[in-house]
Amino acid sequence: MRLVPSPEQAGFAATLHDMLSAAGVPAVADSWADGDYAPGRRLWSRLADLGVTALAIPARRGGLEATPADLVIAAEELGHHAVPGPAAETLAAVPTLLAALGAATLDAGRLLPALAAGQALATLAAPPWLPFAADACAADLVLLADRDTVGPARIGAAHSSMDRTRRLYEVSPAGPMDSCPAVDRALDLGALVCSAQLLGAGRALLEASVEHARTRVQFGRPIGSFQAVQQRLADVAVGLEFARPLVHAAAVTLSTRDLSAAKVACSDAAGRAARAALQVHGAIGYTQEHGLGRWLTKVRVLSLSWGTPAEHRARVMAELTKEAGWN
Amino acid sequence: MNLDLDPGALAFRDEVRAWLAANVPAVALEDEAAHRAWERRLAAAGLAVVSWPERYGGRAAPPLHTLLFEEEYHAARGPMRIGQNGLFLLAPTLLAHGTPEQCDRILPPMARADEVWAQAWSEPEAGSDLAAIRSRAHRTEGGWRLSGQKTWSSRAAVADRAFGLFRSDPGADRHRGLTYLMFDLRAPGVTVRPIRQLDGRPGFAEIFLDDVFVPDADVIGSPGDGWRVAMSTAGHERGLTLRAPGRFVAAARRLVDLWQEQGDAASRDRVVDVWIGAQAYRLHAFAALDAPTTEAGLTKLFWSELDVTLHETALDVLGPHAEVDADWAGGYLFALAGPIYAGTNEIQRGLVAQRVLGLPR
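Model, not experiment: these values are computed from the prediction.

1. Brief notes about the overall build of chain A
Looking only at helices and strands, chain A features eleven helices and eight strands. Dimensions of chain A, computed from C-alpha atoms along their principal axes, come out at roughly 70 × 55 × 40 Å. Within chain A, the fraction of its 327 residues that count as buried is 55%.

As structure tokens, this is what we get:
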């Protein structure tokens, strides 16, 4: 029994955090929002240098074949820094789909090593969870998953997202769809990565709130000394504290019940962190210049992606009513 | 990361499960004698206090085993633990700060419920502001004489002895000059007046102390060092020793079953959220085995709010039948106390904000 990161995993998270803290992510995200993907691609290349993009890829395809627990460690840091790009797609869902394809239209033998090496970004539409392919314009590989089939997708109309660093694309099949036994598994792993991103984003929002509350002075005192602010941020801390073990357990069991429970709890906890963060920051947080909005909007769109909270709650109950046991 | 139980833990869990299945009685909440008898049977089976050292009646079991025991105990619907204030609050304090003589004298009878303990923290003018206590401990030859009034003393209506803080040096700073003392509730000068709780039961009591003698042997830690000693007990009370995850996991499972029998679509998501909350608390406790630094206030906030939500949800699922459902209605009234005792949740949020998040006082 062990539900906390190993020293190696903690070290991996710290390495990622240090790299991303120094990488100028806010400017990268602004460029990404403006349609200039080159700085973002360079950032993903640096993530690849640290092994992030190879985690879910089989060793025989040039990957690290790491555990889902390692994947959530990395995903939490991506969320923590609000890194732009189709993360759950590139890191988890698309590699899972490709690795499960036999002889098919898609050349997994070529694509998986490219993803592992960070030479390619991948995105995915998979209705109803993912009706659009996020950031398809910036991706090298755009897939469509439909029930038990997967194939390359043709990009259609673009929609701007409430998250400025995302663009959503309608897609249609670009050729024959191949049968794939791993669609559910790929979406589940994507949901797990999304949960970890939400957890990281929630943590960033709490950290930003605390920092602002410690330094912003009103009525002659730091606003963080006021009970109304303290009580609210304490509740945010509780929510995040108790969402984390659900993510780590889901990474171990990969059961539908646990994956969905984690997604619900992380969406909730990060959502409350976002609301509190904006309220603590006040008007400055509502400006584009401040940057809080990158986390605020990402939390909201990630909560609704990879299965809405309502869908995941339904899945949890469906699993619970099948169980005879009590844990 | 993994969720696997080692063979020793599995064997322990199976033993506990089998023993409880064969032995758990139905005990009426008010039946003090039956509760004490049950505690003696638990102790005879070596299951009353698995985490304690063997010489005091325990098994020196690791914390994981305590969590597993609690899961099994609540899944089997074991009776409320009449000795819990002693077992889960005083005992950890004695093991950390007590002398070997105190441990030898006090812990074995506590484990068998031969002596049931009450806590005596709050006073009429010292609730959330615990350091404002006024009850006095006066130095006398060979010990102390206690005077004053304690209130909301859990279990005092049925207990044999009590522990609490007394002001031994009124001239000192309010957090200093306090001494942690144990006293006999049947000693001359002690008057216990039970207070009926919201549910009509005499769960807690007022304790009046009029020049009650306590020997030096019943001081825990050093005179004047009571606040520090007490705060270590407060951590246990807020943490998972008093409200083990197993209790909530079992109750959440019963709520799911209840919903399956008679719930409607409108309450489904609330039931799911309760189950997720209980599971989160359980997993958090497992994680804390390897990283035990979490501020106890975080944990207390989580379980006490979860407990209220859990029971509110159950009552809503039951609808108008809830008010005559002794289990769920009683559990609801019990849960309502959680956000108040062991430091109100407002106090806990302040502690989390200042100690965990580093916000200014």
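2. Quick word on the overall build of chain B
Each helix and strand counted, chain B has eleven helices and eight strands in total. Relative to its length of 361 residues, chain B is compact, with a C-alpha radius of gyration of 21 Å against a globular reference of 21 Å. Counting only C-alpha atoms, chain B reaches 65 × 40 × 40 Å along its principal axes. Within the span of chain B, comprising 361 residues, buried residues form 46% of the whole. Considering only intrachain contacts with a sequence separation of at least 6, the fraction spanning at least 24 residues in chain B is 70%.

3. Side note on the UniProt feature "domain: Acyl-CoA dehydrogenase/oxidase N-terminal" (unreviewed entry) in chain B
The UniProt entry lists residues 11-113 of chain B under the feature "domain: Acyl-CoA dehydrogenase/oxidase N-terminal" (unreviewed entry), expressed in the numbering used here. Along residues 11-113 of chain B, the helical share is 63% and the strand share 0%, with 27 Å between the first and last C-alpha atoms.

4. Some thoughts on the domain arrangement of chain B
All names here are of chain B. Taken domain by domain, chain B holds domain 1 (7-81), domain 2 (117-225) and domain 3 (239-356). For domain 1 and domain 3, the distance between their C-alpha centres works out to 22 Å. Of the residues lining the interface, eight residues belong to domain 1; the matching set on domain 3 comes to nine residues. Here the side of domain 1 that touches domain 3 is composed, by residue class, of five nonpolar, one polar and two charged.

5. Things to note about the UniProt feature "domain: Acyl-CoA dehydrogenase/oxidase C-terminal" (unreviewed entry) in chain A
When the UniProt feature table is mapped to this numbering, "domain: Acyl-CoA dehydrogenase/oxidase C-terminal" (unreviewed entry) covers residues 184-319 of chain A. Regarding residues 184-319 of chain A, the helix share stands at 80% and the strand share at 3%, and the terminal C-alpha atoms are separated by 15 Å.

6. A word on helix α1 (residues 7-23) of chain B
Along an α-helix, residues three or four apart share an orientation, since each turn contains 3.6 residues. Residue and element names in this part refer to chain B. Taking 1.5 Å per residue as the helical rise, α1 with its 17 residues ought to reach 24 Å, and the 24 Å between its terminal C-alpha atoms agrees with that figure. Of all the positions in α1, only Phe 12, Val 16 and Leu 20 are classed as buried. Seen along its axis, α1 keeps its buried residues to an arc of 55°; they face one direction. For α1, the exposed residues lying more than 90 degrees away from the buried face are Pro 7, Leu 10, Ala 11, Asp 14, Ala 18, Ala 21 and Ala 22. Where α1 is buried, its residues contact α3 (63-75).

7. Let's talk about the packing of helix α7 (residues 183-215) of chain A against helix α10 (residues 292-304) of chain A
Residue and element names in this part refer to chain A. Running from N to C, α7 and α10 cross one another at 150°; their axes reach a closest spacing of 10 Å. Looking at the two axes, α7 sits roughly antiparallel to α10. Seen from above, α7 lies across α10 with left-handed handedness. For the pair formed by α7 and α10, the contact residues are Cys 194, Gln 197, Leu 198, Ala 201, Gly 202, Ala 204, Leu 205 and Ala 208 on the first element and Leu 292, Trp 295, Lys 298, Val 299, Leu 302 and Ser 303 on the second.

8. Focus: the UniProt feature "domain: Acyl-CoA oxidase/dehydrogenase middle" (unreviewed entry) in chain B
Using the residue numbers shown here, the UniProt feature "domain: Acyl-CoA oxidase/dehydrogenase middle" (unreviewed entry) corresponds to residues 118-212 of chain B. Within residues 118-212 of chain B, the helical portion is 0% and the strand portion 52%, while the C-alpha atoms at the span's ends are 17 Å from each other.

9. A closer look at unusual backbone geometry
Put simply, Pro127(A) and Pro128(A) share a cis peptide bond, and its omega is 5°. If you check the backbone angles, Glu65(A) has positive phi at about 50° while not being a glycine. Tracing the sequence through the fold places Glu65(A) in the loop between α3 (38-49) and α4 (68-80). In the Ramachandran plot, Ala60(B) falls in the positive-phi region, its phi being about 50° despite a non-glycine side chain. Topologically, Ala60(B) is positioned in the loop between α2 (32-44) and α3.

10. Here we look at the nonpolar core
In this structure, Leu97(A), Leu143(A), Val193(A) and Leu233(A) are the most contacted members of the largest nonpolar core, which totals 219 residues. Leave out the neighbours within four places in its chain, and Leu143(A) touches Val94(A), Leu97(A), Ala122(A), Leu124(A), Val150(A), Gly151(A), Pro152(A) and Ala153(A).

11. Description of the interface of chain B and chain A
In this assembly, 41 residues from chain B lie in contact with 39 residues from chain A. Those elements that provide at least two residues to the side of chain B that touches chain A are α3, α7 (245-262), α8 (265-288), α9 (296-318) and α11 (345-356) of chain B. Looking at the side of chain B that touches chain A, its residues break down into 26 nonpolar, six polar and nine charged.

12. Regarding the environment of Glu15(B)
Residues and elements named next belong to chain B. Position of Glu 15 among the secondary structure elements: in helix α1. Glu 15 gets classed as partly exposed once you count the C-beta atoms within 10 Å, which come to 15. Along the backbone, Glu 15 and Phe 69 are 54 residues apart, and their C-alpha atoms lie at a distance of 9.8 Å.

13. Describing α4(A)
Residue and element names in this part refer to chain A. The terminal C-alpha atoms of α4, which comprises 13 residues, lie 18 Å apart, in line with the 18 Å expected from a rise of 1.5 Å per residue. Most of α4 is tucked away: 13 of the 13 residues are buried. Backbone geometry just downstream of α4 places Ala 82 in the positive-phi region, at approximately 50°.

14. Observations concerning the environment of Arg257(A)
Looking at where Arg257(A) falls in the secondary structure, it is placed in helix α9 (residues 256-281). When near neighbours in sequence (up to four residues on either side) are disregarded, Arg257(A) contacts Val316(A), Glu319(A) and Leu320(A).

15. A short note on the pairing of strand β1 (residues 117-120) of chain B
Residue and element names in this part refer to chain B. Burial along β1 is two-sided: Trp 117 and Gln 119 facing one way and Ala 118 and Ala 120 facing the other are all buried. Of the strand pairs in this sheet, β1 and strand β4 (residues 161-167) are connected by four bridges, and their pairing is parallel. Opposite Ala 118, over in β4, you have Ala 162 as the bridge partner.

Procedures and definitions
Residues numbered from 1 in each chain as written. Chains lettered and ligands numbered in written order. Predicted model: local features only at pLDDT ≥ 70, side-chain atom pairs only at ≥ 80, totals over all residues. Helix = DSSP H or I, 4+ residues; strand = E, 2+ residues; numbered from the N terminus. Buried ≥ 20, exposed ≤ 12 C-beta atoms within 10 Å, placed from the backbone. Rg over C-alpha atoms; globule rule 2.2 N^0.38 Å. Contact = placed C-beta atoms within 7 Å. UniProt positions renumbered as here; feature names shortened; annotations may be inferred. Domains from an automatic or database assignment. Nonpolar A, V, L, I, M, F, W, Y, C, P; charged D, E, K, R; others polar. Expected span 1.5 Å × (residues − 1). Arc of directions from axis to C-beta. Axes fitted to C-alpha atoms, helices over the stretch in contact; angles between N-to-C directions. Parallel < 35°, antiparallel > 145°, perpendicular 65-115°, else oblique. Left-handed = near helix turned anticlockwise from the far one by under 90°. Core = buried A, V, L, I, M, F, W, Y, C linked by C-beta atoms within 7 Å. Pairing = 2+ DSSP bridges.

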